[in-house]
Amino acid sequence: MGSVVLKNINKVYEGGVQAVKDFNLEIEDREFIVLVGPSGCGKSTTLRMVAGLEEISSGELYIDGKLCNHVPPQDRNIAMVFQNYALYPHKTVYDNMAFGLKMRKFDRDEIDKRVKQAADMLGLRHVLDRKPAALSGGQRQRVAVGRAIVRQPSVFLFDEPLSNLDAKLRSQMRTELSKLHTRLQTTMIYVTHDQLEAMTLADRIVVLKDGITQQVGTPLEIYENPATIFVAGFIGSPPMNFVRGRVETAGEAVRFKTSGIDVRFTPDKAKKLQEEGYVGKEVIFGIRPQEIHDRIFFPEASEDHVVRGIIDVVEPVGSETFLQVSVGENLIMARMSASEKYVLERELELVFNMDRVHVFDISTERAVF
Amino acid sequence: MNEEGELHKLEKKIRSIALHLLLLLGAATMLVPFWWMVSTSMTENANSELSNPPRWTPWRSGNRALASASGATVKVLGKKGGETVVALLNDGRRDVAWATRRLQPGETEVLLLDVGISTMFDRVEILFPGNAEKLPKVALDFCVEKGKWDTTARIVALPRELREKRGVFLLAPRVRARFIKMILENPGASPARFFLAEIRAHEQLKPTLANYKEVLKVTERDKEIYGFLGRFGRYYANSVFVAGLLTLTNLFFCSLAGYAFAKGRFLGREFLFYGVLATMMVPGQVTMIPVYKLMTNWKLLDSLWALILPGLTGAYGVFLCTQFIRALPDSLMEAARMDGCSEWRVYWEVIVPLSKPVLATLGILTFLFQFNSFLWPLIMINDEKWKTLPLGLATYRQQYTAEWGNMMAAAAISIIPILIVFIVLQKYVIKSMAHAGMKE
């Protein structure tokens, strides 16, 4: 019904710029896939190749099992929501939504039924005879979605649809899109640079960087086991702390050592490091701000997991407080409870949750764990 | 602080008033020729003369000297044939008025003076200078019958108490008889010199539509030459047809080419685009003769196709459309394509409606240019039947005479289509100005 398969897809622009390199993905019917990455990572290009707006340089694209490389966009049974909505300014909301059906020669009653149904679903009933210029940002967004819905395509494509909205509206629309997916049960491919959108919406996330797929997985998989430094840094807010240092053994213990930090790995992680031969080597050590705690709340914590530093910056955001702590020569971001008052320049004892740390190879940038 | 604010407000006000005055002045300057055209078109008998300084209103009231004082004479010519030629007024260079009257034996009280110079005066006075006691003042009362050449007037002698007044006076037969006798009694004096001060004409004109009627008149002969529309109607129809058709083709071809140049991806796009632009640098005079030859070869001389074919599209219009369409977001076209539009549908359903402002501008420009075009039709068209309005207007002016009234009436009518085009399309032009720089 709505499966999409991308096999070894490459996109090389005139002039030799390769936007997408060897992209492979099998999207199942009814799946919500989010392509995420910084700007210029090739995520939009990939989406546009699926849409047929961009030629595929090499590789194969199957939609519903049919090879679609050279099928024009109007024959692919897909609908797309554009970043700037791309509503026809000269048509009313109704005509905007009906246009795709009209072009496909649906009969008038069917068009009317579908448009009204979509309008009800999106709360657009009262603005049907307005022009896009007379709508608010959120309403325009909904019209753009409505225009896609009425076509009842097998695949929906979203190209950064929420990036033009203000923060509050964005989170509201995010929820609505999530609900919409549950309701429509249609394959959706969604492109964004906002990791929060990716995390909240996706069944599976594809993280891209410089046209190369970094990792494919469910939001939790990606959050908990990022495959590369890039993924680890990109997913999660505030981003993961990275510290360069050395893996050393002290008796039975395997420790991570660098300026101001000397912590002991848990046995299973230590075993893995030993097995893969990282002992004595330089690595990049990663830990998320929320896995760092104040020792006040963990008085019984082992000295092996404690790091001492001086508070550099205090950023209270209400629900929690972010601290930048200088530990030796490194700066560590930590998330603390908002109930505690933190003072600049004060010394602080931090406890690392060593169950949740990551180690990355320094040359391949890939995760050891 | 407050005072300063007041001062600032005042300055602002003065600036605004000054600006408005300047704008009004500009507008007035622009309107002067227009007003002259309308005024002249409604002036009676404006055909044969173009006054200097120009007259600014079709209505007039006041005195104007026809013959100067010095050397003006009245000749009494005596009997000639069956008629009695009584008087001839001469301003020194030519005869300006004369009067004939067949006198019945003993009839002396009425003298008819025929002033042939013009039918445009409803009253002429002849004033005698010098000893007013001895030489009575004479007033001429024209019995104007419009359209007839034999406008006549009566000479009447004024009694002293009425001398300074103007108007038509019926005098006692005795007084009149005395004056007429005075003239008739000196037939031998050739030319009997009457010390005429001046002949003054009193004009009283009202605006008239006679010129328009004259222009729009369709005679039987016209029908034979020009068809049922008559001469002016034919010119008009030719012009509207040519300009209208060319406007449509220009809008169509220019927007189509503009779409291709702005959004199409094809080999040599830039090269072709600059090629089109380059043709704008070639002056029309250079291509005039080759195109003329071409039209002669195709045997299209003296036909409207000679005006239409060379102007079907234009580089400037293509340029204008390209620049405008380039600014339209690509995603609109992509959305349309995903909505199932063919390339043609994208053009028709998205590009054309969104290009309305630029198409309106181009439409006005093209229509104006083609409707006013003179040189090219002058070269291509000799046949009366296929002349366009600008050529037709020129025929009102010949080597020695110019029918200004008719010409201006025709010009005034010929403005109508331009006004209509402008009024219909201006809202798009203004809209486009208002929308410029706004993100959509």
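Residues numbered from 1 in each chain as written. Chains lettered and ligands numbered in written order. Predicted model: local features only at pLDDT ≥ 70, side-chain atom pairs only at ≥ 80, totals over all residues. Heavy atoms only, no water.

Notes on the overall build of chain A
On a plain count of helices and strands, chain A comes out with nine helices and 20 strands. Projected onto its principal axes, the C-alpha coordinates of chain A cover approximately 80 × 45 × 35 Å. Of the contacts formed within chain A by residues at least 6 apart in sequence, a portion of 65% connects residues at least 24 apart. Entry remark: accessible area of chain A is about 16500 Å², with carbon and sulfur atoms responsible for 47%. (Helix = DSSP H or I, 4+ residues; strand = E, 2+ residues; numbered from the N terminus. Contact = heavy atoms within 4.5 Å. Areas by Shrake-Rupley, 256 points an atom, 1.4 Å probe, with all protein chains shown as cover.)

Some details on the pattern of salt bridges
All chains considered together, the criterion is met by 33 salt bridges over all chains. Here A:Arg48 and A:Glu54 are joined by a salt bridge, their closest N and O atoms 3.0 Å apart. You'll find A:Arg48 and A:Glu54 in the same group, each marked buried. For A:Glu303, the salt bridge is made with A:Arg308, and the minimal N-O distance between the two is 2.7 Å. In this structure A:Arg308 comes out as partly exposed when scored by relative accessible area, which is 36%. Through salt bridges that share partners, A:Lys11, A:Arg48, A:Glu54 and B:Glu334 make up one connected network. (Salt bridge = Lys/Arg side-chain N within 4 Å of Asp/Glu carboxyl O. Buried < 20%, exposed > 50% of the residue type's maximum accessible area, 1.4 Å probe, protein only.)

Re the interface of chain B and chain A
Each side of the interface is counted separately: chain B has 18 residues, and chain A has 24 residues. At the boundary of chain B with chain A, total buried surface from both sides reaches about 1900 Å², with 59% on carbon and sulfur atoms. On the surface where chain B and chain A come into contact, there are three salt bridges. For A:Arg151, the salt bridge is made with B:Asp339, and the minimal N-O distance between the two is 3.6 Å. Secondary structure elements with two or more residues in the side of chain B that touches chain A: helix 10 (330-338) and helix 11 (343-354) of chain B. (Buried area = accessible area lost by both parts, 1.4 Å probe.)

A few points about helix 3 (residues 108-122) of chain A
Residues and elements named next belong to chain A. The terminal C-alpha atoms of helix 3, which comprises 15 residues, lie 21 Å apart, in line with the 21 Å expected from a rise of 1.5 Å per residue. By the burial criterion, the buried members of helix 3 are Ile111, Arg114, Val115, Ala118, Ala119 and Leu122. The buried residues of helix 3 occupy an angular sector of 130° when projected down its axis, which confines them to one face. Among the exposed residues of helix 3, those pointing more than 90 degrees away from its buried face are Asp109 and Lys113. (Expected span 1.5 Å × (residues − 1). Arc of directions from axis to C-beta.)

Brief notes about the environment of A:Ile222
Along the chain, the position of A:Ile222 falls in helix 7 (residues 219-224). Excluding residues within four positions of it along the chain, A:Ile222 makes contact with A:Ile205, A:Val207, A:Gln215, A:Val216, A:Gly217, A:Val231 and A:Ile235.

Some points on the nonpolar core
Membership of the largest hydrophobic core comes to 60 residues, with the highest contact counts inside it found for A:Val4, A:Leu6, A:Phe23, A:Leu61, A:Leu157 and A:Ile189. Tallying contributions element by element places helix 11 of chain B first for this core, with six residues. A:Leu61 has contacts with A:Val4, A:Val5, A:Leu6, A:Ile9, A:Met49, A:Val50, A:Ile56, A:Lys66, A:Leu67, A:Cys68, A:Asn69 and A:Arg76, leaving out every residue within four places of it along the chain. Listed in part, the 46 residues of the second largest apolar core include A:Val81, A:Val115, A:Ala119 and A:Leu122. (Core = buried A, V, L, I, M, F, W, Y, C linked by side-chain atoms within 4.5 Å.)

A few points about the packing of helix 1 (residues 2-41) of chain B against helix 15 (residues 404-414) of chain B
All names here are of chain B. It is at 7 Å that the axes of helix 1 and helix 15 come closest, and there the two elements cross at 120°. It follows that helix 1 is oblique to helix 15 by the angle criterion. Read as a crossing pair, helix 1 and helix 15 show a hand that is left-handed. Residues Trp36, Met37, Thr40 and Ser41 of helix 1 lie in contact with helix 15, whose contacting residues are Trp404, Gly405, Met408, Ala409, Ala411 and Ala412. Its residues assigned to classes, the contact of helix 1 with helix 15 comprises seven nonpolar, three polar and no charged. (Axes fitted to C-alpha atoms, helices over the stretch in contact; angles between N-to-C directions. Parallel < 35°, antiparallel > 145°, perpendicular 65-115°, else oblique. Left-handed = near helix turned anticlockwise from the far one by under 90°. Nonpolar A, V, L, I, M, F, W, Y, C, P; charged D, E, K, R; others polar.)

Here's the deal with the pairing of strand 19 (residues 347-352) of chain A
For a regular strand, side chains alternate in direction, first toward one face of the sheet and then toward the other. Residue and element names in this part refer to chain A. Judged from the three bridges that link them, strand 15 (residues 292-294) and strand 19 form a sheet pairing that is antiparallel. Residue Ile292 lies in a different strand from strand 19, and its bridge partner there is Phe352. Bridge count for strand 16 (residues 306-316) against strand 19 is five bridges, and the pairing is antiparallel. Among the inter-strand pairings, Val307 is bridged to a residue of strand 19, identified as Leu350. (Pairing = 2+ DSSP bridges.)

Section: the sheet that holds strand 1 (residues 4-12) of chain A
Residues and elements named next belong to chain A. Strands sit in the order 2-1-4-5 across an open sheet of four strands; the sheet is antiparallel. The outermost strands of the open sheet, each flanked by one partner alone, are strand 2 (18-27) and strand 5 (66-67). Across the sheet, helix 1 (residues 43-51) lies against strand 1, strand 2 and strand 4 (58-63), angled at about 120° from strand 1, the strand it touches most.

Notes on the side chain of A:Thr46
For A:Thr46, the location among the structural elements is in helix 1. Excluding anything up to four places from it in sequence, A:Thr46 contacts A:Leu6, A:Val20, A:Phe23, A:Leu35 and A:Leu208.

Concerning the packing of aromatic side chains
All names here are of chain B. According to the stated counting rule, one finds 24 aromatic pairs over all chains in the structure shown. Plain terms: the ring middles of Phe252 and Tyr347 are 6.4 Å apart, the flat faces sit at 80° to each other, and that makes the pair edge-to-face. Residue Phe252 is found in helix 5 (residues 230-263), and its partner Tyr347 is found in helix 11; the two are separated by 95 residues along the sequence. A relative accessible area of 1% means that Tyr347 is categorised as buried. Taken together through their ring pairs, the aromatic side chains of Phe252, Phe253, Tyr259, Trp344, Tyr347 and Trp348 make up a single cluster. (Phe/Tyr/Trp six-rings, centres within 6.5 Å; stacked < 30°, edge-to-face > 60°.)

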